[in-house]
Amino acid sequence: MSSASSPVNTAPVNIAVVGLGYVGCVTAACLAHLGNHVFGVDRDAHKVRNVLDGQAPFFEPGLAEIIRATVAAGSLRATTSLPEAIAEAHIALICVGTPSQKNGNLDLDQLRRVVGEIAESLPSRHKPLIVAIRSTVFPGTCEEVVIPALGPSTPVVSNPEFLREGVAVLDFIEPSLVVVGGEDRAAVDRVASLYEPLKVPPCLVSLRTAEMIKYACNAFHAVKIAFANEIGALSARLGIGPSEVMSTLCADVKLNASAAYLKPGFAFGGSCLPKDLRGLVYRASRLDVRLPMLESVLPSNNEQLSRAIEAVMDLPAQRIACIGLAFKENTDDLRESPVVSLLEQLIGKGRDVRVFDPHIQLDAIYGSNKNYILATIPHIGRLMESDLGRLLSWADYVVLGQKQRDAIARQIENSGLPVLDLVGTGRTTVSVPAQKA
Ligand SMILES: NC(=O)c1ccc[n+]([C@@H]2O[C@H](COP(=O)([O-])OP(=O)(O)OC[C@H]3O[C@@H](n4cnc5c(N)ncnc54)[C@H](O)[C@@H]3O)[C@@H](O)[C@H]2O)c1
């Protein structure tokens, strides 16, 4: 970004940026560059002095130039006084630190103090203030810490920051993601409009989703790195070039580097994923290559199955229609189907359950799957119902163990039965594990 280019935001907003650390300083300078009137505030007089002198308080490529230009133009100011910074502000962006405590919990002292100070200054204000939390905070923090301190007349939004140190200015100007969350739509729109010049459509979400997404993103990045390193370590041990393996993996932008497999749903199964993961982990252990993340994937999958079992067990013990038996939709493959494991648990615990799968009709299937049902899981074969309508008139609850084509989904919906959706189709009408407190 060139610091000499002219501002592009047509409606300047008065913004107080609280905390002039890595996030706050970059945010303050870039928002000033976009044409807003920004007042940065930090309790650290040294950082404030740096900004006033047109310098960056730390090294970040491109930041010093923007600070110099915006301070010279009068669009960026700095102070150690929070009341002074927010006096004329329409929006206060809170960018203070939220460091880790020893047990991993967040230390919210800085946030609490700032919010407390803002609350004290509210009675003497003449214009409304929107408080936007840019610091990383655990879901629920705005509702439990910020809103109670500020009171109901100050809208609070969550506007998490995704910049990476070292390319922070570039990441601000060309963001990978803009998220604004809150329940006050006007406040959310106002904060989102700050990013309009950046031409990245903002994701407008609930307050808690905005808080959560930051954790989801960082966890995902960490998991990606650990995955690449574990595959790399095993590849290297096998004399295979780690980079070639991973760059080839990334060449698949349909299933690998894509949104595929990133929807929360039921446990995975089938003839490939469990078998190949087991094989990979086993062979790595024989080579003395420890792969803690890959080793944890099957246990994690079992945990998802356990949550599903628990959710079904929580239904009042009446007649349960399970829709889908194969490990996923549009197949009759029963190998390692999590639905089979689920049904076995339910039968073992005495639940009255029957199952329908559009692709597994005992009188019509033949070959290996029929043999599998008759020889390996005859106890489940006995529960199969070939007529969905008959099953639905018998049942009190529907458990969706598979995504279903529209006609079946409609038939289930028309039955009026409560649905426990294990696969994330959004058709749930009774609580699923993820929604439990
Ligand atoms: N650094 C990153 O790359 C990054 C990226 C995304 C999100 N975040 C999150 O953003 C938040 C800020 O991170 P950071 O790296 O900028 O932290 P930081 O420690 O560099 O900056 C925090 C600033 O807040 C100031 N401050 C604390 N209490 C204050 C008060 N009462 N009044 C005024 N100023 C006060 C501190 O003096 C400090 O300058 C954290 O929640 C962090 O997790 C950081």
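Residues numbered from 1 in each chain as written. Predicted model: local features only at pLDDT ≥ 70, side-chain atom pairs only at ≥ 80, totals over all residues.

**Here's the deal with the domain arrangement of the protein chain**
Right, so step 1: Partitioning the protein chain into domains gives domain 1 (14-210) and domain 2 (308-435).
Right, so step 2: For domain 1 and domain 2, the distance between their C-alpha centroids amounts to 49 Å. (Domains from an automatic or database assignment.)

**Topic: the nonpolar core**
In globular proteins that are soluble, nonpolar side chains generally tend to be buried together.
Right, so step 1: If you look at the biggest cluster of nonpolar residues, it comprises 64 residues, and the most contacted ones within it are Ala16, Val18, Val26, Ala29, Ala92, Ile94 and Ala132.
Right, so step 2: Among the elements that take part in this core, helix α1 (residues 22-33) stands out by supplying eight residues, more than any other.
Right, so step 3: For Ala132, the residues in contact, after removing those within four places along its chain, are Ile91, Ala92, Leu93, Ile94, Val157, Asn159 and Val191.
Right, so step 4: Judged by nonpolar contacts, the second largest core, of 36 residues, contains Val312, Ala321, Ala326 and Phe327. (Core = buried A, V, L, I, M, F, W, Y, C linked by C-beta atoms within 7 Å. Buried ≥ 20, exposed ≤ 12 C-beta atoms within 10 Å, placed from the backbone. Helix = DSSP H or I, 4+ residues; strand = E, 2+ residues; numbered from the N terminus. Contact = placed C-beta atoms within 7 Å.)

**Notes on the sheet that holds strand β9 (residues 319-323)**
Right, so step 1: As summarised here, the arrangement of the four strands in space is β10-β9-β11-β12, forming an open sheet in which the pairing is parallel. Bordering the open sheet on either side are β10 (352-356) and β12 (419-421), each of which pairs with just one other strand. Sheet twist, expressed as the average angle between the axes of neighbouring strands with direction ignored, equals 20°.
Right, so step 2: The sheet contact formed by β9 and β10 spans five bridges and is parallel. Looking at the pairing, Ile323 lines up with Phe356 of β10.
Right, so step 3: Most of the contacts of helix α14 (residues 338-348) go to β10, to which it runs at about 155°, and overall it touches β9 and β10. (Pairing = 2+ DSSP bridges. Axes fitted to C-alpha atoms, helices over the stretch in contact; angles between N-to-C directions.)

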